[in-house]
Amino acid sequence: MKTISTALQNLVHILNDGQLHSGHDLSQALHISRNAVWKHINQLAKYDIDIESIQSTGYRLKSPLILLNENEIRKHLQDPKVKLSLLGSVASTNDYVRELPASSQLQFCLAEHQIKGRGRFGRTWLAPFGANILLSCRFSLEEDLSHLGGLSLCIGLAILKAVQEFGLEELSCKWPNDILYRNKKLAGILIETRGEAHNLSEAIIGIGLNVNMQEAFLKQVDRPITSLEAILGMPQDRNKIAALIINSLCHHLTQFQKQGLNKTEWDQYDFLHGKDITLHVGTEYIQGLATGVDASGHLLLKLPSGEVKAYSAGEASLS
Ligand code: BTN
(Lines give C-alpha, C1' and ligand atoms only; values in the text may rest on other atoms or scores of the structure.)
Protein backbone atom coordinates (compact mmCIF):
# COMPACT_ATOMS: atom_id res chain seq x y z
CA MET A 1 0.00 0.00 0.00
CA LYS A 2 1.44 3.38 -1.03
CA THR A 3 0.37 6.93 -0.28
CA ILE A 4 0.88 9.79 -2.71
CA SER A 5 3.74 12.05 -1.62
CA THR A 6 3.26 15.81 -1.39
CA ALA A 7 6.07 16.24 -3.95
CA LEU A 8 4.19 14.09 -6.48
CA GLN A 9 0.96 16.00 -5.77
CA ASN A 10 2.78 19.31 -6.33
CA LEU A 11 4.49 18.05 -9.47
CA VAL A 12 1.12 17.07 -10.97
CA HIS A 13 -0.28 20.44 -9.92
CA ILE A 14 2.43 22.24 -11.91
CA LEU A 15 2.17 19.95 -14.94
CA ASN A 16 -1.62 20.29 -15.06
CA ASP A 17 -1.22 23.54 -17.01
CA GLY A 18 -0.35 21.38 -20.04
CA GLN A 19 2.88 23.39 -20.67
CA LEU A 20 6.39 22.04 -21.05
CA HIS A 21 8.45 22.27 -17.82
CA SER A 22 12.17 21.59 -17.64
CA GLY A 23 13.63 19.24 -15.03
CA HIS A 24 15.60 22.19 -13.68
CA ASP A 25 12.51 24.41 -13.23
CA LEU A 26 10.56 21.57 -11.61
CA SER A 27 13.37 20.78 -9.18
CA GLN A 28 13.57 24.48 -8.19
CA ALA A 29 9.81 24.84 -7.78
CA LEU A 30 9.46 21.64 -5.76
CA HIS A 31 12.69 22.02 -3.74
CA ILE A 32 13.79 18.51 -4.67
CA SER A 33 16.74 17.22 -6.73
CA ARG A 34 16.48 16.70 -10.49
CA ASN A 35 16.92 13.01 -9.84
CA ALA A 36 13.89 13.07 -7.55
CA VAL A 37 11.89 14.88 -10.26
CA TRP A 38 12.90 12.19 -12.73
CA LYS A 39 11.84 9.43 -10.28
CA HIS A 40 8.39 11.01 -9.83
CA ILE A 41 7.98 11.39 -13.61
CA ASN A 42 8.92 7.73 -13.99
CA GLN A 43 6.40 6.81 -11.32
CA LEU A 44 3.64 8.58 -13.28
CA ALA A 45 4.74 6.88 -16.50
CA LYS A 46 4.57 3.48 -14.74
CA TYR A 47 0.95 4.23 -13.93
CA ASP A 48 0.34 4.77 -17.69
CA ILE A 49 -0.14 8.51 -17.29
CA ASP A 50 0.28 10.15 -20.68
CA ILE A 51 3.36 12.22 -19.97
CA GLU A 52 5.56 13.57 -22.73
CA SER A 53 9.26 13.62 -22.00
CA ILE A 54 11.28 15.70 -24.47
CA GLN A 55 15.03 15.12 -24.34
CA SER A 56 16.89 18.04 -22.73
CA THR A 57 13.75 20.19 -22.83
CA GLY A 58 11.31 18.93 -20.24
CA TYR A 59 8.04 17.23 -19.43
CA ARG A 60 4.44 17.85 -20.41
CA LEU A 61 1.24 16.22 -19.16
CA LYS A 62 -1.09 15.56 -22.08
CA SER A 63 -4.32 15.84 -20.09
CA PRO A 64 -4.84 17.18 -16.57
CA LEU A 65 -4.75 14.73 -13.69
CA ILE A 66 -6.98 15.61 -10.75
CA LEU A 67 -5.44 13.75 -7.83
CA LEU A 68 -7.23 13.04 -4.56
CA ASN A 69 -6.51 15.58 -1.89
CA GLU A 70 -7.81 15.27 1.67
CA ASN A 71 -8.19 19.03 2.25
CA GLU A 72 -10.15 19.42 -0.98
CA ILE A 73 -12.41 16.50 -0.06
CA ARG A 74 -12.98 17.79 3.47
CA LYS A 75 -14.05 21.21 2.09
CA HIS A 76 -17.19 19.52 0.76
CA LEU A 77 -17.83 17.04 3.60
CA GLN A 78 -20.88 17.68 5.76
CA ASP A 79 -19.42 15.79 8.75
CA PRO A 80 -15.88 17.00 9.58
CA LYS A 81 -15.30 13.92 11.77
CA VAL A 82 -15.56 11.41 8.89
CA LYS A 83 -12.74 8.82 9.09
CA LEU A 84 -10.95 8.82 5.76
CA SER A 85 -7.79 7.16 4.40
CA LEU A 86 -6.35 8.27 1.05
CA LEU A 87 -4.03 5.87 -0.76
CA GLY A 88 -1.96 5.97 -3.92
CA SER A 89 -1.85 2.34 -4.90
CA VAL A 90 -3.37 -0.58 -2.98
CA ALA A 91 -4.36 -4.17 -3.77
CA SER A 92 -8.05 -3.42 -3.17
CA THR A 93 -9.67 -0.69 -1.06
CA ASN A 94 -12.14 -3.32 0.20
CA ASP A 95 -9.27 -5.36 1.66
CA TYR A 96 -7.73 -2.23 3.16
CA VAL A 97 -10.83 -1.17 5.14
CA ARG A 98 -11.45 -4.75 6.26
CA GLU A 99 -8.09 -4.75 8.05
CA LEU A 100 -8.70 -1.46 9.91
CA PRO A 101 -9.29 -1.73 13.67
CA ALA A 102 -12.99 -2.17 14.42
CA SER A 103 -14.99 1.01 14.97
CA SER A 104 -18.66 1.86 15.38
CA GLN A 105 -18.05 4.82 13.06
CA LEU A 106 -18.13 4.53 9.27
CA GLN A 107 -14.59 4.24 7.89
CA PHE A 108 -13.83 5.28 4.31
CA CYS A 109 -10.86 4.63 2.05
CA LEU A 110 -10.17 6.10 -1.40
CA ALA A 111 -7.35 5.11 -3.74
CA GLU A 112 -5.87 6.40 -6.98
CA HIS A 113 -5.20 2.90 -8.21
CA GLN A 114 -5.86 -0.75 -7.34
CA ILE A 115 -3.58 -3.63 -8.23
CA LYS A 116 -6.23 -6.29 -7.65
CA GLY A 117 -9.51 -4.37 -7.94
CA ARG A 118 -12.43 -6.78 -7.71
CA GLY A 119 -15.83 -6.66 -9.34
CA ARG A 120 -18.81 -8.93 -8.78
CA PHE A 121 -18.71 -12.61 -9.75
CA GLY A 122 -14.91 -12.73 -9.37
CA ARG A 123 -14.38 -10.27 -12.22
CA THR A 124 -11.46 -7.85 -12.27
CA TRP A 125 -12.33 -4.15 -11.80
CA LEU A 126 -10.06 -2.06 -14.02
CA ALA A 127 -9.49 1.65 -13.56
CA PRO A 128 -6.68 3.88 -14.85
CA PHE A 129 -4.56 5.59 -12.19
CA GLY A 130 -6.07 8.84 -10.87
CA ALA A 131 -9.16 8.72 -13.06
CA ASN A 132 -12.06 7.22 -11.13
CA ILE A 133 -13.55 6.91 -7.68
CA LEU A 134 -12.40 3.72 -5.98
CA LEU A 135 -14.02 3.91 -2.59
CA SER A 136 -14.64 1.47 0.23
CA CYS A 137 -16.55 1.90 3.42
CA ARG A 138 -16.73 -0.35 6.45
CA PHE A 139 -20.19 -0.43 7.95
CA SER A 140 -21.05 -2.26 11.19
CA LEU A 141 -24.57 -2.99 12.25
CA GLU A 142 -25.85 -4.22 15.60
CA GLU A 143 -28.10 -6.74 13.89
CA ASP A 144 -27.52 -10.13 12.34
CA LEU A 145 -26.70 -10.54 8.66
CA SER A 146 -30.34 -10.99 7.65
CA HIS A 147 -30.81 -7.25 8.25
CA LEU A 148 -28.35 -6.37 5.50
CA GLY A 149 -30.82 -7.33 2.75
CA GLY A 150 -31.42 -4.33 0.54
CA LEU A 151 -28.11 -2.72 1.52
CA SER A 152 -26.69 -2.79 -2.01
CA LEU A 153 -29.86 -1.12 -3.32
CA CYS A 154 -29.54 1.56 -0.66
CA ILE A 155 -25.90 2.17 -1.71
CA GLY A 156 -26.95 2.39 -5.35
CA LEU A 157 -29.46 5.09 -4.45
CA ALA A 158 -26.83 6.95 -2.42
CA ILE A 159 -24.49 7.06 -5.44
CA LEU A 160 -27.28 8.02 -7.83
CA LYS A 161 -28.35 10.92 -5.59
CA ALA A 162 -24.75 12.16 -5.32
CA VAL A 163 -24.25 12.03 -9.09
CA GLN A 164 -27.56 13.81 -9.68
CA GLU A 165 -25.93 16.89 -8.13
CA PHE A 166 -24.01 17.22 -11.41
CA GLY A 167 -27.29 17.95 -13.15
CA LEU A 168 -27.60 14.49 -14.66
CA GLU A 169 -31.02 13.12 -15.42
CA GLU A 170 -31.67 9.70 -17.00
CA LEU A 171 -29.83 7.95 -14.18
CA SER A 172 -31.17 4.64 -12.95
CA CYS A 173 -30.29 1.76 -10.65
CA LYS A 174 -30.10 -1.71 -12.14
CA TRP A 175 -30.83 -4.37 -9.54
CA PRO A 176 -28.91 -5.14 -7.50
CA ASN A 177 -25.64 -3.23 -7.92
CA ASP A 178 -25.27 -1.02 -10.97
CA ILE A 179 -25.84 2.67 -11.59
CA LEU A 180 -26.63 3.40 -15.22
CA TYR A 181 -26.72 6.49 -17.39
CA ARG A 182 -28.86 5.92 -20.49
CA ASN A 183 -28.37 2.13 -20.31
CA LYS A 184 -24.59 2.37 -19.88
CA LYS A 185 -22.88 1.43 -16.62
CA LEU A 186 -21.49 4.40 -14.72
CA ALA A 187 -20.80 2.76 -11.36
CA GLY A 188 -20.75 -0.65 -9.72
CA ILE A 189 -20.94 -1.85 -6.14
CA LEU A 190 -19.32 -4.85 -4.49
CA ILE A 191 -20.54 -5.67 -0.98
CA GLU A 192 -18.76 -8.27 1.11
CA THR A 193 -20.45 -9.16 4.40
CA ARG A 194 -19.53 -11.11 7.46
CA GLY A 195 -21.46 -12.03 10.59
CA GLU A 196 -19.28 -11.04 13.52
CA ALA A 197 -21.07 -12.52 16.50
CA HIS A 198 -24.64 -12.79 17.68
CA ASN A 199 -26.49 -9.62 16.58
CA LEU A 200 -23.43 -8.00 15.05
CA SER A 201 -22.62 -7.87 11.37
CA GLU A 202 -20.30 -6.01 9.12
CA ALA A 203 -20.38 -5.00 5.48
CA ILE A 204 -17.43 -3.92 3.38
CA ILE A 205 -18.96 -1.69 0.73
CA GLY A 206 -16.87 -1.13 -2.40
CA ILE A 207 -17.80 1.45 -5.01
CA GLY A 208 -16.24 2.01 -8.42
CA LEU A 209 -17.48 5.13 -10.23
CA ASN A 210 -16.14 6.06 -13.66
CA VAL A 211 -15.20 9.73 -13.53
CA ASN A 212 -12.36 10.90 -15.79
CA MET A 213 -12.12 7.76 -17.86
CA GLN A 214 -11.56 8.69 -21.48
CA GLU A 215 -13.21 7.20 -24.58
CA ALA A 216 -10.16 5.09 -25.49
CA PHE A 217 -10.34 3.26 -22.16
CA LEU A 218 -14.13 2.97 -22.17
CA LYS A 219 -13.89 1.14 -25.51
CA GLN A 220 -11.52 -1.46 -24.03
CA VAL A 221 -14.31 -2.84 -21.84
CA ASP A 222 -16.47 -5.49 -23.49
CA ARG A 223 -19.79 -4.12 -22.16
CA PRO A 224 -21.44 -0.70 -22.44
CA ILE A 225 -19.92 1.62 -19.87
CA THR A 226 -19.61 5.37 -19.56
CA SER A 227 -17.93 7.99 -17.36
CA LEU A 228 -18.80 11.45 -16.02
CA GLU A 229 -16.17 12.97 -18.33
CA ALA A 230 -17.72 11.25 -21.36
CA ILE A 231 -21.21 12.43 -20.35
CA LEU A 232 -20.34 15.99 -19.33
CA GLY A 233 -17.67 16.58 -21.98
CA MET A 234 -14.88 17.63 -19.59
CA PRO A 235 -12.79 16.24 -16.71
CA GLN A 236 -14.52 16.45 -13.33
CA ASP A 237 -13.30 17.30 -9.82
CA ARG A 238 -12.85 13.88 -8.21
CA ASN A 239 -12.43 15.42 -4.76
CA LYS A 240 -15.83 17.06 -4.87
CA ILE A 241 -17.43 13.89 -6.24
CA ALA A 242 -15.78 11.77 -3.53
CA ALA A 243 -17.15 14.11 -0.85
CA LEU A 244 -20.65 14.14 -2.35
CA ILE A 245 -20.69 10.35 -2.38
CA ILE A 246 -19.44 10.13 1.22
CA ASN A 247 -22.10 12.66 2.33
CA SER A 248 -24.78 10.71 0.54
CA LEU A 249 -23.56 7.38 1.95
CA CYS A 250 -23.58 8.76 5.51
CA HIS A 251 -27.16 9.96 5.02
CA HIS A 252 -28.47 6.81 3.31
CA LEU A 253 -26.74 4.42 5.74
CA THR A 254 -28.20 6.26 8.74
CA GLN A 255 -31.64 5.95 7.14
CA PHE A 256 -30.98 2.28 6.37
CA GLN A 257 -30.07 1.59 10.01
CA LYS A 258 -33.35 3.15 11.13
CA GLN A 259 -35.80 2.00 8.46
CA GLY A 260 -34.13 -0.48 6.10
CA LEU A 261 -34.46 -0.01 2.34
CA ASN A 262 -36.40 3.02 1.11
CA LYS A 263 -38.51 1.09 -1.41
CA THR A 264 -40.37 4.18 -2.62
CA GLU A 265 -37.08 5.81 -3.61
CA TRP A 266 -35.90 2.60 -5.30
CA ASP A 267 -39.12 2.29 -7.32
CA GLN A 268 -38.45 5.74 -8.79
CA TYR A 269 -35.11 4.69 -10.30
CA ASP A 270 -35.63 0.96 -10.92
CA PHE A 271 -34.20 0.30 -14.41
CA LEU A 272 -35.59 -3.23 -14.71
CA HIS A 273 -39.16 -2.53 -13.60
CA GLY A 274 -41.68 -3.61 -16.25
CA LYS A 275 -39.02 -5.13 -18.52
CA ASP A 276 -38.65 -8.71 -19.74
CA ILE A 277 -35.38 -9.98 -18.35
CA THR A 278 -33.17 -13.01 -17.99
CA LEU A 279 -31.78 -13.62 -14.54
CA HIS A 280 -28.58 -15.63 -14.28
CA VAL A 281 -28.48 -17.42 -10.91
CA GLY A 282 -25.76 -20.04 -10.44
CA THR A 283 -26.11 -22.31 -13.48
CA GLU A 284 -29.72 -21.30 -14.19
CA TYR A 285 -31.10 -18.70 -16.60
CA ILE A 286 -34.57 -17.62 -15.54
CA GLN A 287 -36.82 -15.57 -17.80
CA GLY A 288 -39.62 -13.35 -16.57
CA LEU A 289 -41.06 -9.88 -16.17
CA ALA A 290 -39.35 -7.71 -13.52
CA THR A 291 -42.08 -6.28 -11.29
CA GLY A 292 -39.99 -4.42 -8.68
CA VAL A 293 -38.41 -5.42 -5.37
CA ASP A 294 -39.74 -6.45 -1.96
CA ALA A 295 -38.89 -4.75 1.37
CA SER A 296 -35.72 -6.86 1.70
CA GLY A 297 -34.48 -5.74 -1.72
CA HIS A 298 -35.21 -9.08 -3.41
CA LEU A 299 -36.02 -8.88 -7.12
CA LEU A 300 -39.61 -9.84 -7.95
CA LEU A 301 -39.90 -11.79 -11.17
CA LYS A 302 -43.19 -12.78 -12.78
CA LEU A 303 -42.49 -16.13 -14.40
CA PRO A 304 -44.21 -17.33 -17.61
CA SER A 305 -46.42 -19.52 -15.37
CA GLY A 306 -47.81 -16.33 -13.77
CA GLU A 307 -46.15 -17.07 -10.42
CA VAL A 308 -44.15 -14.18 -8.88
CA LYS A 309 -40.89 -15.29 -7.26
CA ALA A 310 -38.41 -13.28 -5.20
CA TYR A 311 -34.66 -13.58 -5.88
CA SER A 312 -31.95 -12.41 -3.49
CA ALA A 313 -29.02 -12.56 -5.94
CA GLY A 314 -28.19 -12.93 -9.60
CA GLU A 315 -27.18 -11.03 -12.70
CA ALA A 316 -29.99 -9.57 -14.79
CA SER A 317 -29.96 -8.73 -18.47
CA LEU A 318 -32.69 -7.51 -20.78
CA SER A 319 -34.26 -10.36 -22.81
C1 BTN B 1 -19.08 -4.50 -10.05
O2 BTN B 1 -18.69 -5.58 -10.50
O3 BTN B 1 -19.89 -3.82 -10.66
C4 BTN B 1 -18.59 -4.01 -8.71
C5 BTN B 1 -17.35 -3.18 -8.85
C6 BTN B 1 -16.81 -2.68 -7.53
C7 BTN B 1 -15.44 -2.03 -7.68
C8 BTN B 1 -15.00 -1.37 -6.42
S9 BTN B 1 -13.64 -0.29 -6.67
C10 BTN B 1 -13.46 -0.09 -4.95
C11 BTN B 1 -13.68 -1.45 -4.33
N12 BTN B 1 -12.47 -2.23 -4.30
C13 BTN B 1 -12.55 -3.31 -5.08
O14 BTN B 1 -11.63 -4.15 -5.24
N15 BTN B 1 -13.74 -3.37 -5.68
C16 BTN B 1 -14.58 -2.27 -5.28
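Presented here is a report on the structure given in the accompanying data block. Since we're looking at a predicted model, the values are computed, not measured.

## A closer look at the packing of aromatic side chains
Consideration 1: Throughout the structure, instances matching the rule amount to one aromatic pair.
Consideration 2: Arranged with centres 4.0 Å apart and planes meeting at 10°, the rings of Y47 and F129 form a pair that is stacked. With a gap of 82 residues between them, Y47 in the loop between α3 (34–46) and β1 (51–54) and F129 in the loop between β4 (107–114) and β5 (133–141) connect regions that are remote in the sequence. For the pair Y47 and F129, one class covers both residues: buried.
Consideration 3: Positioned above the aromatic ring of F166 is the side chain of K240, whose terminal nitrogen or guanidinium carbon lies 5.7 Å from the ring centre.
Consideration 4: When the ring centre of F271 is taken as origin, the NZ or CZ atom of K275, which lies over that ring, is 3.9 Å away.

## Remarks on the sheet that holds strand β13 (residues 308–311)
Within a sheet, each strand pairs with its neighbour through backbone hydrogen bonds, oriented either parallel or antiparallel.
Consideration 1: In space, the five strands of this open sheet follow the order β13-β12-β11-β10-β14, with antiparallel pairing throughout. In this open sheet, the two edge strands, each paired with only one partner strand, are β13 and β14 (315–318). Between one strand and the next, the sheet's axes are offset by a mean angle of 45°, whatever the strand orientation.
Consideration 2: Direction of pairing for strand β11 (residues 284–293) relative to strand β12 (residues 299–302): antiparallel, over a ladder of three bridges. In the sheet register, V293 faces β12, and the bridge partner there is L299.

## Brief notes about the packing of helix α6 (residues 151–164) against helix α9 (residues 238–259)
Consideration 1: As a packed pair, α6 and α9 sit with axes 8 Å apart at the nearest point and diverge in direction by 140°. As the angle between them shows, α6 and α9 are arranged oblique. Of the two elements, α6 crosses α9, and the hand of that crossing is right-handed. Each of L151, C154, I155, L157, A158, K161 and A162 in α6 lies in contact with α9, whose residues at this interface are L244, I245, S248, L249, H252, L253 and F256.
Consideration 2: Within the contact of α6 with α9, the residues separate by chemical class into eleven nonpolar, two polar and one charged.

## Focus: the pairing of β4
Consideration 1: Among the eight residues of β4, eight are classified as buried, and the element is accordingly described as predominantly covered.
Consideration 2: In this structure, strand β3 (residues 83–90) lies alongside β4, joined through seven bridges in parallel fashion. Among the inter-strand pairings, K83 is bridged to a residue of β4, identified as Q107.
Consideration 3: Crossover connection from β3 via helix α5 (residues 93–98) to parallel β4: handedness right-handed.
Consideration 4: Here β4 runs beside β5; their pairing, made up of five bridges, is antiparallel. The residue bridging Q107 from the neighbouring strand is R138, located in β5.

## Section: the nonpolar core
Consideration 1: Membership of the largest hydrophobic core comes to 66 residues, with the highest contact counts inside it found for F108, F139 and L209.
Consideration 2: Listed in part, the 18 residues of the second largest apolar core include I4, L30, Y47 and L65.

## A few points about the environment of T264
Consideration 1: Mapped onto the fold, T264 is located in helix α10 (residues 263–269).
Consideration 2: Between the C-alpha atom of T264 and that of E215, which follows or precedes it by 49 residues, the distance is 35 Å.

## Looking at the site of the ligand
Consideration 1: By nearness alone, 20 residues border the ligand, and S92, Q114, R118, R120 and K185 come closest of all.
Consideration 2: T93 has a polar side-chain atom sitting 3.2 Å from a nitrogen atom of the ligand.
Consideration 3: A distance of 2.8 Å separates a nitrogen atom of the ligand from a polar side-chain atom of Q114.
Consideration 4: For the ligand, the protein covers 98% of the area, taking 420 Å² as the surface of the free molecule.
Consideration 5: Residue assignment for the shell around the ligand shows that the elements contributing at least two residues are α5, β5, β8 (184–197) and β9 (200–209).
Consideration 6: Residues that form the shell around the ligand fall into these classes: six nonpolar, ten polar and four charged.

## Let's talk about unusual backbone geometry
Consideration 1: Here the residue pair W175 and P176 is connected by a cis peptide bond, since its omega of -5° sits within 30 degrees of zero.
Consideration 2: Note that P176 resides in the loop between β6 (171–174) and β7 (178–181).
Consideration 3: Positive phi is not limited to glycine here, since D48 has a value of about 65°.
Consideration 4: Here D48 shows up in the loop between α3 and β1.
Consideration 5: A relative accessible area of 70% means that D48 is categorised as exposed.
Consideration 6: Not every positive phi belongs to a glycine, and E170 is a case in point at roughly 60°.

The rules we used
- Residue numbers restart at each chain and count upward from 1, following the sequence in its written direction.
- Under the rules for a predicted model, residues below a pLDDT of 70 receive no local features and side-chain atom pairs below 80 are neither given nor counted, while totals for whole chains, interfaces and linings still include all residues.
- To obtain the side-chain values, all non-hydrogen atoms of the structure were included, while hydrogens and water were left out.
- Classification of ring pairs uses Phe, Tyr and Trp, with its six-membered ring standing for Trp, and accepts pairs whose centres are within 6.5 Å; under 30 degrees between planes counts as stacked, over 60 as edge-to-face, and the remaining range as tilted.
- A run of H or I in DSSP becomes a helix once it reaches four residues, and a run of E becomes a strand once it reaches two; helices and strands are each numbered from the N terminus.
- Exposure classes here rest on a 1.4 Å probe applied to the protein chains alone. A residue is buried below 20% of its type maximum, exposed above 50%, and partly exposed in between.
- Lysine and arginine charges are scored as sitting over a ring when NZ or CZ, respectively, is within 6 Å of the ring centre and within 35 degrees of the ring normal.
- The criterion for strand pairing is that DSSP finds at least two bridges linking the strands in question.
- With axes taken as lines fitted to C-alpha atoms, and helix axes fitted only over the stretch in contact, angles between N-to-C directions fall between 0 and 180 degrees.
- Throughout, the term roughly parallel applies to angles under 35 degrees, roughly antiparallel to angles over 145, roughly perpendicular to angles from 65 to 115, and oblique to all others.
- With the far helix as reference, a near helix turned anticlockwise by less than a right angle produces a left-handed crossing, and one turned clockwise produces a right-handed crossing.
- Here, two residues are considered to be in contact whenever any of their heavy atoms come within 4.5 Å of each other.
- Residues were grouped as follows: Ala, Val, Leu, Ile, Met, Phe, Trp, Tyr, Cys and Pro as nonpolar; Asp, Glu, Lys and Arg as charged; and all remaining residues, including Gly, as polar.
- Seen with its strands pointing away from the viewer, a crossover is right-handed when the path leading from the first strand over the helix to the second is clockwise.
- What is meant by a nonpolar core is a set of buried Ala, Val, Leu, Ile, Met, Phe, Trp, Tyr and Cys residues, joined one to another through side-chain atoms within 4.5 Å.
- Here a residue is near a molecule or strand as soon as one of its heavy atoms is found within 4 Å of it.
- Any pair of N or O atoms that falls within 3.5 Å is considered a polar contact. Within protein, one atom must be able to donate a hydrogen and the other to accept it, and sequence-neighbouring residues count only if both atoms are side-chain atoms.
- Accessible surface area values rest on a Shrake-Rupley calculation with a 1.4 Å probe, where residue burial reflects the displayed protein chains alone.

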